[in-house]
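The primary structure of each chain is shown beneath.
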Amino acid sequence: MSDVQATPMVEARGVHKVFGHGAEGLHVLRGVDLAVPRGSVTVILGPSGSGKSTLLRCLNELEQITAGSVHVDGELLGYREDAQGVLHRLHPTRIAAQRSRIGMVFQRFHLFGHLTALENVMEAPVQVRGLSKRAARTRALELLDRVGLTDRVEHYPAQLSGGQQQRVAIARALAMDPELMLFDEPTSALDPELVGEVLTVMQDLAASGMTMVVVTHEIGFAREVADHVVFMDDGAIVEQGPPAEVLDRPSEPRLQEFLAHVL
Ligand code: ADP
Ligand code: MG
């Protein structure tokens, strides 16, 4: 294997996150180590408040970590190391450039309500990348086709179901050609009958080779699609491994209890 392939797409080492300061500080991540190989799917499970969203947000610099390091594609996020090994915070435009390589899909879809599905997908490539409208439109139509929405491109978010809106959100994230996609409970806000269409799109994306980190309670998705399952509790990774081990032969009592509730 070449070095390029051996470098994980994501490597978090000793990541701590504290919100606030001093005695008031809330220590939300307590030394998280995580490696996500290229082209793999990692599913993160854990009870509410265990730090799953915070970890995802640290992986794309929506939150600044308190200690530790995160590398994406071998590049340190947020900092540059000088010849003396001292870290310097990167300029915000550089941080924005790093972030633009990482797509994120949230529980709530965050679409622009005044733009059509097509315009939502075209927005960032035109505004951020300076792509021509014509090129952005061609690409957006391809992506909306890929998520099964060819017949909805001129619809506004309010005219779409939750599942359709989430698929537009996925297409919108893909429009920036991310190397890594992060999903934070992408189906939790959906009516049960709409969950499947979003999971199918995510499964197709995984099959196409996208590197994905997915916070979800959909154990079936974890079992079928994940290469690696991580269970977090209280700001730490308590157990991790292949789905068949973590889901079917959990060793940690806290994981056993969690699975008994979600299954
Ligand atoms: P999960 O996604 O696993 O439910 P979160 O990462 O959202 O957990 O939250 C973990 C803990 O961090 C919770 O106690 C939450 O209240 C706290 N938290 C999250 N974001 C912030 C913030 N911006 N400021 C202060 N506390 C926060
Ligand atoms: Mg969360």
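Treat the numbers as computed from the prediction; the structure is a model and nothing was measured.

All right, on to the site of ligand 1 then. Ligand 1 sits among F19, L26, V28, P47, S48, G49, S50, G51, K52, S53 and T54. Between ligand 1 and G51 there is a distance of 3.0 Å, counted from an oxygen atom to a backbone nitrogen or oxygen. In the environment of ligand 1, an oxygen atom lies 2.8 Å from a nitrogen or oxygen atom belonging to the side chain of S53. Contact with the protein chains hides 59% of the accessible area of ligand 1, taken as 560 Å² for the molecule alone. Of all the elements in the fold, those that place two or more residues in the shell around ligand 1 are β2 (26–36) and α2 (52–59). The element that contributes the greatest number of residues to the shell around ligand 1 is α2, accounting for three residues. Here the residues of the shell around ligand 1 sort into four nonpolar, six polar and one charged.

Right, let's get into the UniProt feature "domain: ABC transporter" (unreviewed entry) in the protein. In the UniProt entry, the feature "domain: ABC transporter" (unreviewed entry) is given for residues 10–259. From the first C-alpha to the last, residues 10–259 spans 26 Å; its make-up is 36% helix and 26% strand.

What follows covers the packing of aromatic side chains. Here the structure, examined in full by the defined rule, presents one aromatic pair. Pairing F231 with F258 gives two aromatic rings, centres 5.3 Å apart and planes at 45 degrees, and the pair type is tilted. A residue pair is termed long-range when its members are at least 10 positions apart, and F231 in strand β11 (residues 228–233) and F258 in helix α10 (residues 253–262) qualify at 27 residues. As far as the burial class goes, F231 and F258 line up, both buried. Between the NZ or CZ atom of R89 and the centre of the ring of Y79, over which it lies, the distance is 5.0 Å. The ring of F112 is capped by R172, whose NZ or CZ atom sits 5.8 Å from the centre of that ring.

Read across the sheet, six strands follow the order β8-β9-β10-β3-β11-β12 without closing on themselves; strand pairing throughout is mixed. Looking along the sheet, the strands with just one partner apiece sit at the ends: β8 (102–105) and β12 (236–241). The mean angle between the axes of side-by-side strands here comes to 20 degrees, regardless of whether they run parallel or antiparallel. Bridging between strand β3 (residues 41–45) and strand β10 (residues 211–215) involves four bridges; their strand directions are parallel. For T42, the partnering residue across the bridge sits in β10 and is V213.

One way to put it is that helix α5 (residues 133–146) packs onto helix α6 (residues 162–174) with a least axis distance of 9 Å and a crossing angle of 135 degrees. Between α5 and α6, the angle falls in the class oblique. When you trace α5 past α6, the crossing you get is right-handed. Taken together, the residues of α6 that come into contact with α5 (itself represented by R139, L143, L144 and R146) are V168, A171 and L174. Counted by class, the contact of α5 with α6 contains five nonpolar, no polar and two charged residues.

Scanning all chains against the criterion turns up one cavity of 30 Å³ or more. Estimated volume of the largest cavity: approximately 80 Å³. In terms of residue class, the lining of the largest cavity is made up of five nonpolar, two polar and three charged.

Procedures and definitions
Residues numbered from 1 in each chain as written. Chains lettered and ligands numbered in written order. Predicted model: local features only at pLDDT ≥ 70, side-chain atom pairs only at ≥ 80, totals over all residues. Heavy atoms only, no water. Near = heavy atom within 4 Å. Polar contact = N/O pair within 3.5 Å; in protein donor to acceptor, adjacent residues only side chain to side chain. Areas by Shrake-Rupley, 256 points an atom, 1.4 Å probe, with all protein chains shown as cover. Helix = DSSP H or I, 4+ residues; strand = E, 2+ residues; numbered from the N terminus. Nonpolar A, V, L, I, M, F, W, Y, C, P; charged D, E, K, R; others polar. UniProt positions renumbered as here; feature names shortened; annotations may be inferred. Phe/Tyr/Trp six-rings, centres within 6.5 Å; stacked < 30°, edge-to-face > 60°. Buried < 20%, exposed > 50% of the residue type's maximum accessible area, 1.4 Å probe, protein only. Lys NZ or Arg CZ within 6 Å of the ring centre and 35° of its normal. Pairing = 2+ DSSP bridges. Axes fitted to C-alpha atoms, helices over the stretch in contact; angles between N-to-C directions. Parallel < 35°, antiparallel > 145°, perpendicular 65-115°, else oblique. Left-handed = near helix turned anticlockwise from the far one by under 90°. Contact = heavy atoms within 4.5 Å. 1 Å grid on protein atoms, 1.4 Å probe; cavity = no way out; pocket = protein on both sides within 12 Å on 5 of 7 lines; lining within 4 Å. Points joined across faces, edges and corners; volume = space filled by probe spheres on them.

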